[in-house]
Amino acid sequence: MTEPLFSLYIVRCADDSLYTGIAADVEKRLAEHQSGPRGAKYLRGRQPLTLEFSQAIGDRALASRLEYRVKRLSRARKEALIAGTESLRDLHDDQVSEEVSA
């Protein structure tokens, strides 16, 4: 059985904060964040949420490594990712870069 393709996403909250996560189905995960008990606690009370960035990454392990790196970025660099002036490939080591490029 093949492993699902995971994506990294960035959501903008009503208070203009940014939330980063990973999911196999970003639209489904966003719906969970907006209306269900399975949503992230950070996002409760911060609606409406807007999906600002989403990119398919690969397996869960790779997506988790990139999520960790993106969460540590400054707001300015996250905004650059959203604007497209920075790439996820710029954020990781050579091993991860090769996997994302594939």
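Here, every reference points to the structure presented above.
Participant: Looking at this structure, how should I read the layout of surface pockets?
Facilitator: Unfilled space is identified by rolling a water-sized probe across the atoms. If you add up the space inside the largest pocket, you get close to 180 Å³. Lining of the largest pocket is provided by Phe 6, Ile 22, Ala 23, Ala 24, Asp 25, Lys 28, Arg 29, Glu 32, Arg 38 and Arg 60. Counting only elements with at least two residues in the lining of the largest pocket, the list comes to β2 (18-23) and α1 (26-35). At three residues, α1 tops the list of elements feeding residues into the lining of the largest pocket. Looking at side-chain class alone, the lining of the largest pocket contains four nonpolar, no polar and six charged residues.

Participant: What exactly am I supposed to notice about the sheet that holds β2 here?
Facilitator: Neighbouring strands of a sheet are bound in pairs by backbone hydrogen bonds; such pairs are parallel or else antiparallel. With antiparallel pairing, three strands are arranged side by side in an open sheet as β2-β1-β3. The open sheet has two free edges, formed respectively by β2 and β3 (50-58), since each of these has just one partner strand. Strand after strand, the sheet turns through a mean of 20° between neighbouring axes, direction not considered. Strands β1 (6-12), β2 and β3 of the sheet are contacted by α1, whose axis makes an angle of about 40° with β1. Strand contacts of helix α2 (residues 60-71): β1, β2 and β3, with the helix running at about 170° to β2, the strand carrying the most contacts.

Participant: I'm lost on the nonpolar core in this one. Help?
Facilitator: One finds Leu 8, Ile 10, Phe 53, Ile 57, Val 70, Leu 81 and Leu 88 to be the most contacted residues of the largest nonpolar core, which totals 16 residues. Elements supplying a minimum of two residues to this core: β1, β2, β3, α2 and α3 (75-83). In terms of residue count, the dominant contributor to this core is α2 (four residues). In this structure, Leu 30, Ala 40, Leu 43 and Leu 49 belong to the second largest nonpolar core, which totals ten residues.

Thresholds, definitions, all that
Residues numbered from 1 in each chain as written. Predicted model: local features only at pLDDT ≥ 70, side-chain atom pairs only at ≥ 80, totals over all residues. Heavy atoms only, no water. 1 Å grid on protein atoms, 1.4 Å probe; cavity = no way out; pocket = protein on both sides within 12 Å on 5 of 7 lines; lining within 4 Å. Points joined across faces, edges and corners; volume = space filled by probe spheres on them. Helix = DSSP H or I, 4+ residues; strand = E, 2+ residues; numbered from the N terminus. Nonpolar A, V, L, I, M, F, W, Y, C, P; charged D, E, K, R; others polar. Pairing = 2+ DSSP bridges. Axes fitted to C-alpha atoms, helices over the stretch in contact; angles between N-to-C directions. Contact = heavy atoms within 4.5 Å. Core = buried A, V, L, I, M, F, W, Y, C linked by side-chain atoms within 4.5 Å. Buried < 20%, exposed > 50% of the residue type's maximum accessible area, 1.4 Å probe, protein only.

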